[in-house]
Amino acid sequence: MNQFNVKELIAEQDYLELLSRRFPTISKAATEVINLKSILNLPKGTEHFLTDLHGEYEAFNHVMNNGSGVVKRRIIDTLGKFLSQNEINDLASLIYYPEEKLQLVKDQEENLSDWYEISIYRLIQVCRDASSKYTRSKVRKALPVDFAYIIEELLHEDEYRFNKKDYYNQIIQTIVELDRADDFIIAISAVIKRLTVDHLHIIGDVYDRGPGPHIIMDTLINHHSADIQWGNHDILWMGAAAGDRSCISNVLRISLRYANMDILEEGYGINLFPLATFAMNTYQGDNCQKFKPKLSADDIVPDADIDLLAKMHKAISIIQFKLEHETVLNHPEYEMQDRLLLDKINYDDYTITIGSDVYKLNLRTFPTIDPKEPWKLTAEEKSVIDKLRYSFLKSEKLQKHIRFMFAKGSIYLRYNNNLLFHASIPMNPDGTFKKIKLKGLEKTGKELLDQMEQMAREAYFGREKKNNSTDFLWYLWCHQDSPLFGKDKMATLERYLVDDKKPHKENYTPYYLLVNEEKTAKMILEEFGLDPETGHIINGHVPVKVGKGENPIKANGKLLVIDGGFAKAYQKETGIAGYTLIYNSYGLLLASHEPFESVEKAVNDGIDIRSTVRVVEKVVDRKKISDTDIGSNLKKQIYYLEMLLSAFHKGVIKEKI
Ligand SMILES: O=P(O)(O)OC[C@H]1O[C@](O)(COP(=O)(O)O)[C@@H](O)[C@@H]1O
Ligand SMILES: [Mn+2]
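Here is a short report on the structure shown in this document. (Residues numbered from 1 in each chain as written. Chains lettered and ligands numbered in written order. Predicted model: local features only at pLDDT ≥ 70, side-chain atom pairs only at ≥ 80, totals over all residues. Heavy atoms only, no water.)

1. Observations regarding the side chain of N250
- In this fold, N250 is placed in helix α15 (residues 245–257).
- Given a relative accessible area of 0%, N250 falls into the buried group.
- Within the structure, the side chain of N250 is placed 3.2 Å from the side chain of R253, a separation counted as a polar contact. (Helix = DSSP H or I, 4+ residues; strand = E, 2+ residues; numbered from the N terminus. Buried < 20%, exposed > 50% of the residue type's maximum accessible area, 1.4 Å probe, protein only. Polar contact = N/O pair within 3.5 Å; in protein donor to acceptor, adjacent residues only side chain to side chain.)

So, in structure tokens, the structure goes:
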């Protein structure tokens, strides 16, 4: 125990006085020290890293339910010797989807009471194993109120213990007899999942392309412990929620591109009527071929709807190009003049000059463009975007989700000596950090990212203030110096208006080449105040083309890129359905997942996402809480509690009895 002299105690007297209100006696302070010291020796909790979810809520839910394979591992560890593979799969799907599985069992099982008793018995075993890493108090906090007492009894009673066997069995039988088995199974399955993964990291891009980012956000808000590093698609929605017109038009364009209207209308209550009527009138007779939505195999959309979606898609794309042009004109300091393309179109011969090359346009109808001032919105376009903006600003649900993004999110995060961010760090080709001028001051590396994050927060929280600009949120979406984006340009206009693929190319910034070198990765870790020998960088953003032999582990293990592509639209390219990372007390594990089929298949056929787990790094000594950030915090608390104990003993602070 730390010893302190009177002088030291007097120097901290005010703080100790405050602390003594929570721990008023020697005995209370000593008990807390004993508790905290014992926690330090427990194994480190399991962290789960997911990224680039892109609205794929079903696959996300599944990975949350199976903990990237950790739940099944636990079943095998606890009951593997006694159960067949089928029984293991059945128990796993019961834990993942208890409601659905119970329904199925009721339809099929003849002796339901037996099934209930056996299943409850097995679930308790798995739950006991999952809870063994934690203090009783932490487990208690994870229990649902209704069953807290019973689950606690069952977890801490041993069915083999003499005298207690009947007691234990009686509890289970009574649960079944009183028709409480379904609720009990649902409750204990949730506890198992919750205890299996202690903390969740989302490395960005919850939004866009898939149908249910709002469903994912609801899950995250209800999660017991999660953080988010903003991806470029998240900041786009954050900008839209701040009322930024360029961001709003991008958000709508992407939703229309993938025919995801549910998120806007049902998810966030955005009124699309003004855009629909405007598009129908303005693009009447135009089949808007290039703007037909990209549908996935299971999307069924009638032709008439496709026609309307295509018209709306074209209308909002043209509005977006105009708004972005104006933003670039308003911000010469962004140095994005190469993105001024609307005025490089020759509206007589339908060509566009990009750099020194001239390309043929694939479109000829621009009913709202005045070639003299092509970036000017027509009065109708202005009215449409203003009405949409109103809807975004007034959507309570959207604002709630975005406030959560700000509360639990950041551009980068340091967590247990790992550095987490979505895309990149601005760097020069020579390997040094790139200086970027913001608000008249040049900054690099960590300082730069801190400044950018502060500006993002100011832009959103000042959204109702006069003269507040939200343009910086758009900058973070698509600027080459944005750590959330990391490409030299976002070639959206070229991709829509020119068939030639040459100008579509977006090049990754120097970070991507440099960071493959171990020395650069270590330099970045050091810049962010982490130990380069033991730390890792964890990124998403870039789909890892496993099919083409790409490896997600780079820089000699210092960098992990875990975007394997949850996005269905990208699975052809990547060849898998996503990577997730697990960091437990034994080390770092990388799980690669094959595409998720459906909840039905998972429940009926016990088909899990097939996941391959490989060890990235194994620690020599099992990591304890003492080795984590929480551990450092606890040690600080212990230090002050020991100081308080000294103060009690030396009479600097009196016990409050
Ligand atoms: O394939 P899509 O949906 O048309 O999107 C292409 C655009 O998405 C981006 O790749 C950004 O999205 P990601 O952050 O998911 O990579 C842009 O660079 C590109 O212009
Ligand atoms: Mn991204």
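More follows now that the structure is in view.
2. What to know about the coordination of the manganese ion (ligand 2)
- Around the manganese ion (ligand 2), the protein contributes the donor atoms D205 (OD), N232 (OD1), H422 (NE2) and H541 (ND1), which lie 2.2 to 2.3 Å from the metal centre.
- Read in sequence order, the donor residues for the manganese ion (ligand 2) give the motif D-x26-N-x189-H-x118-H. Remark: H422 occurs in the loop between β9 (418–421) and β10 (436–438) and N232 occurs in helix α14 (residues 232–241); sequence separation between them is 190 residues. Here the two residues N232 and H422 agree in accessibility, since each one is buried. (Donors = N, O, S within 2.8 Å, 3.2 Å for Na, K, Ca; no water.)

3. What to know about the sheet that holds strand β5 (residues 351–354)
- Judged by pairing direction, the sheet is antiparallel, and its three strands sit side by side in the order β4-β5-β6 without closing on themselves. Only two strands of the sheet have a single partner each, and these edge strands are β4 (345–346) and β6 (357–360).
- As paired strands, β5 and β6 are joined by four bridges and run antiparallel to one another. Opposite T353, over in β6, you have V358 as the bridge partner. (Pairing = 2+ DSSP bridges.)

4. Observations concerning the sheet that holds strand β13 (residues 553–554)
- Strand order in the open sheet formed by five strands is β8-β9-β12-β14-β13, with mixed pairing between adjacent strands. Each end of this open sheet is capped by a strand with a single partner; those strands are β8 (412–415) and β13.
- Examined bridge by bridge, strand β12 (residues 536–539) and strand β14 (residues 559–561) share three bridges and lie parallel to one another. Residue pairing for β14: I538 is matched across the bridge by L560.

5. Let's talk about the site of ligand 1
- Every one of the 14 residues lining ligand 1 counts as a neighbour, but R209, H233, Y258, E506 and Y570 are closest to it.
- The separation between an oxygen atom of ligand 1 and a polar side-chain atom of H54 is 3.3 Å.
- Alone, ligand 1 offers 470 Å² of accessible surface; in the complex the protein occludes 89% of this.
- In the shell around ligand 1, the residues fall into four nonpolar, four polar and six charged.
- When residues of the shell around ligand 1 are sorted by domain, at least three fall in each of domain 2 (47–202 + 540–623) and domain 3 (227–408 + 429–497). (Near = heavy atom within 4 Å. Areas by Shrake-Rupley, 256 points an atom, 1.4 Å probe, with all protein chains shown as cover. Nonpolar A, V, L, I, M, F, W, Y, C, P; charged D, E, K, R; others polar. Domains from an automatic or database assignment.)

6. Concerning the nonpolar core
- By size, the foremost hydrophobic cluster in this structure holds 186 residues, and its most contacted members are L220, W237, L388, F392, I402, Y511 and I524.
- When residues in this core are grouped by element, the largest group, ten residues, is from helix α18 (residues 303–330).
- In this structure, this core is formed jointly by two domains, domain 2 (47–202 + 540–623) and domain 3 (227–408 + 429–497), each of which donates at least three residues.
- Core analysis: the second largest hydrophobic core is formed by 21 residues, F4, F23, L42 and I638 among them. (Core = buried A, V, L, I, M, F, W, Y, C linked by side-chain atoms within 4.5 Å.)

7. With respect to the pairing of strand β3 (residues 226–229)
- The two faces of β3 match: A226 and I228 on one face and D227 and Q229 on the other face are all buried.
- Taken together, the three bridges between strand β2 (residues 199–202) and β3 define a ladder with parallel strand orientation. Each bridged residue has a counterpart across the sheet, and for I202 the counterpart in β3 is I228.
- Read from β2 through helix α13 (residues 213–222) to β3, the crossover connection turns out right-handed.
- Of the strand pairs in this sheet, β3 and strand β7 (residues 409–410) are connected by two bridges, and their pairing is parallel. Along β7, the bridge assignment pairs I228 with G409. (Right-handed = clockwise from strand over helix to strand, strands pointing away.)

8. What about the pattern of salt bridges?
- A complete count under the given rule lists 30 salt bridges for this structure.
- One salt bridge in this structure joins R140 and E152, with 3.0 Å as the shortest N-O distance. Of the two residues, R140 sits in helix α9 (residues 136–142) while E152 sits in helix α10 (residues 148–156), which places them twelve residues apart along the sequence.
- Under the relative-accessibility criterion, E152 is labelled buried at 17%. (Salt bridge = Lys/Arg side-chain N within 4 Å of Asp/Glu carboxyl O.)

9. Let's talk about the environment of L272
- If you trace the backbone, L272 turns up in the loop between α16 (261–267) and α17 (273–282).
- We classify L272 as buried; its relative accessible area is 5%.
- For the pair formed by L272 and K387, sequence separation is 115 residues and the distance between their alpha carbons is 9.1 Å.
- Beyond its immediate chain neighbours, meaning those up to four positions away, L272 contacts L252, M261, L264, E265, M312 and L388. (Contact = heavy atoms within 4.5 Å.)

10. Focus on the packing of helix α6 (residues 85–96) against helix α8 (residues 112–131)
- Where α6 contacts α8, the axes come no closer than 11 Å and their chain directions differ by 80°. What the angle tells us is that α6 and α8 run roughly perpendicular. Here E87, L91, L94 and I95 of α6 come into contact with α8, specifically with W115, S119, R122, L123 and V126.
- For the contact of α6 with α8, the per-class residue count stands at six nonpolar, one polar and two charged. (Axes fitted to C-alpha atoms, helices over the stretch in contact; angles between N-to-C directions. Parallel < 35°, antiparallel > 145°, perpendicular 65-115°, else oblique.)

Geometric values such as these leave the question of function open.
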